[in-house]
Amino acid sequence: MSESVGWPRFLFLCYTIFMLDLKKYGIDMWDEKKIASFREKLLNWYDENKRDLPWRRSNNPYYIWVSEIMLQQTRVDTVIPYYNRFLDMFPTIMDLAQAPEESLLKAWEGLGYYSRVRNMQQAAQQIMSEFDGVFPDKYNDIASLKGIGPYTAGAIASIAFNLPEPAVDGNVMRVLARLFEVDYDIGVPSNRKIFQSMMEILIDPVRPGDFNQALMDLGSDIESPLNPCPEKSPIKDFSAAYLHGTMDRYPIKAPKKKPISIYLKAFIIQNSKGQFLLEKNETENLLAGFWHFPLIEVDRFENNQLDLFHSSQEVGMDNLVSLPKESFLQDYDLEIEWANHSFDEVKHIFSHRKWHIQLIHGYEREGKIFENRQVGWFYPDEFERIPRAKPQQKIWESFQKASK
């Protein structure tokens with residue numbers, strides 16, 4: 001860049017470019033004086049009202065990274081105990097890079113979206129091999145790490161390294177949509193660039209990390225998706241939606257698609273020692289690496305319980321029809337005495353799927369030992385040392401409730 005242009009002129013040119021780009025979307029940005037006033041109002045409010053969160057007590061990029069990944073799709077009050085426990089178990093990037101899979105999944109157990117922690121470990125290994133074990137301090141390097149997208153890269157860059165990089169998440173887009181009455185769906189990924197461009201202009205160059213966090217706090221509380229309190233907002237005088245009485249219109253977001261229902265039979269098999277049969281999921285699906293009660297997927301649940309306790313021949317069905325009990329016996333080669341117990345249906349919602357689970361209880365008397373697959377017998381007090389995803393915990397709770 002020519003020295004004759006200078007930084008102020010360069011920044012003005014960048015600002016003008018963003019302005020022209022945003023005009024195509026019907027967004028008229030404020031002048032520099034109003035932007036400066038907006039920053040001051042927002043940051044003054046943040047200084048007085050910011051939440052005391054453990055990851056805000058340090059500029060350590062590793063700590064900030066862990067918190068940002070955990071906070072994706074998860075409430076703050078849920079994250080705090082996980083965050084503290086995770087850093088106790090893996091206090092450094094090296095510890096995370098070298099952690100055994102079962103320890104890693106156990107630390108994340110119950111948080112869901114388990115690809116997050118697997119990506120974190122791969123990113124930690126990247127840092128060890130590509131950055132000599134030191135967390136990178138440039139935006140592009142941060143964004144090159146596995147599992148880190150534009151939002152997380154911006155959050156880490158601004159909070160840990162004070163770089164003027166926007167961190168645009170759902171909370172921030174909600175606030176911006178109301179400020180400027182943005183007529184674009186915030187749920188459409190391609191529209192994110194609109195809000196990114198807006199933030200490039202608005203972000204405070206001196207306190208970018210605090211500016212990003214202030215908008216996040218505002219969007220998660222006063223400007224929350226449900227029951228917002230815009231009259232309490234420190235920036236209500238800047239909000240076009242508040243001033244025009246259109247708060248109920250913004251942000252624009254199409255309703256989520258209903259999750260697809262999946263129907264499963266869960267087999268609670270107990271041996272004569274009081275141990276239960278568990279299997280490690282060695283597939284590549286969303287719960288890979290976790291231990292679970294044997295599961296068999298079915299097309300639907302029958303209104304009666306014949307499929308649970310009788311063979312296809314006994315109920316007059318075609319021999320080609322494979323019922324859950326028969327499939328289980330073939331897969332595990334066990335002799336089972338089935339118990340005619342009734343259990344509450346277990347339900348669990350993932351992002352795009354809803355599991356409906358019926359429990360089937362039985363007793364195995366031969367004491368079979370499994371040698372060729374990740375299957376074994378476990379006492380209930382051993383469950384705590386192995387990773388089990390939330391649906392499995394719900395299954396066990398339902399079984400215990402019925403047993404009592």
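Above: the structure in question.
Just so you know, these numbers come straight off a predicted model, no measurement behind them. Within each chain, residue numbers correspond to sequence positions counted from 1 in written order. Only residues with pLDDT of at least 70 get local features here, since the model is predicted, and only at 80 or more are side-chain atom pairs given and counted; chain-wide, interface and lining totals rely on the full set of residues. By convention in this description, side-chain values take in all heavy atoms of the structure and omit both hydrogens and water.

Draft legend 1. The arrangement of the packing of helix α3 (residues 61-71) against helix α9 (residues 150-161) in detail. For the pair α3 and α9, the least separation of the axes is 10 Å and the interaxial angle reads 145°. Between α3 and α9 lies a crossing whose hand is right-handed. Mapping the contact onto sequence places P61, I64, W65, E68 and I69 in α3 and Y151, T152, A155, I156, I159, A160 and F161 in α9. Following the grouping adopted for this structure description, the nonpolar residues are Ala, Val, Leu, Ile, Met, Phe, Trp, Tyr, Cys and Pro, the charged ones are Asp, Glu, Lys and Arg, and the polar ones are all others, Gly among them. When grouped by side-chain class, the residues that make up the contact of α3 with α9 number 10 nonpolar, one polar and one charged. Orientation is described by axes fitted as lines to C-alpha atoms, over the contacting stretch for helices, and by angles from 0 to 180 degrees between their N-to-C directions. Only DSSP runs of H or I with at least four residues qualify as helices, and only runs of E with at least two residues qualify as strands; both kinds are numbered from the N terminus onward. Two helices cross in a left-handed way if the nearer one is turned anticlockwise from the farther one by less than a right angle. They cross in a right-handed way if the turn is clockwise. Here, residues are in contact when the closest pair of their heavy atoms is within 4.5 Å.

Draft legend 2. Just the nonpolar core, in detail. Definition of nonpolar core: a set of buried residues of the types Ala, Val, Leu, Ile, Met, Phe, Trp, Tyr and Cys, connected through side-chain atoms within 4.5 Å. Whether a residue is buried, partly exposed or exposed follows from its accessible area with a 1.4 Å probe, protein chains only, as a fraction of its type maximum: under 20%, in between, or over 50%, in that order. In terms of nonpolar packing, the biggest core is built from 101 residues, with W65, F86, F195 and M198 touching the most fellow members. With 13 residues, the next largest nonpolar core counts I269, L277, I296 and W377 among its residues.

Draft legend 3. Just the packing of helix α10 (residues 170-180) against helix α12 (residues 208-220), in detail. At their nearest, the axes of α10 and α12 sit 8 Å apart, and the two run at 80° to each other. Here α12 runs roughly perpendicular to α10, going by the angle between their axes. In this structure, α10 contributes N171, V172, R174 and V175 to the contact, and α12 contributes L215, M216, L218, G219 and S220. Split into classes, the residues belonging to the contact of α10 with α12 amount to five nonpolar, three polar and one charged. Here roughly perpendicular refers to angles of 65 to 115 degrees, roughly parallel to angles under 35, roughly antiparallel to angles over 145, and oblique to all remaining angles.

Draft legend 4. Focus on the side chain of E109. By the secondary structure assignment, E109 is in the loop between α6 (101-108) and α7 (115-130). Classification of E109 by relative accessible area gives buried; the value is 13%. When residues no more than four places from it in sequence are discounted, the contact partners of E109 are Y82, Y114, I386, P387, R388 and Q393.

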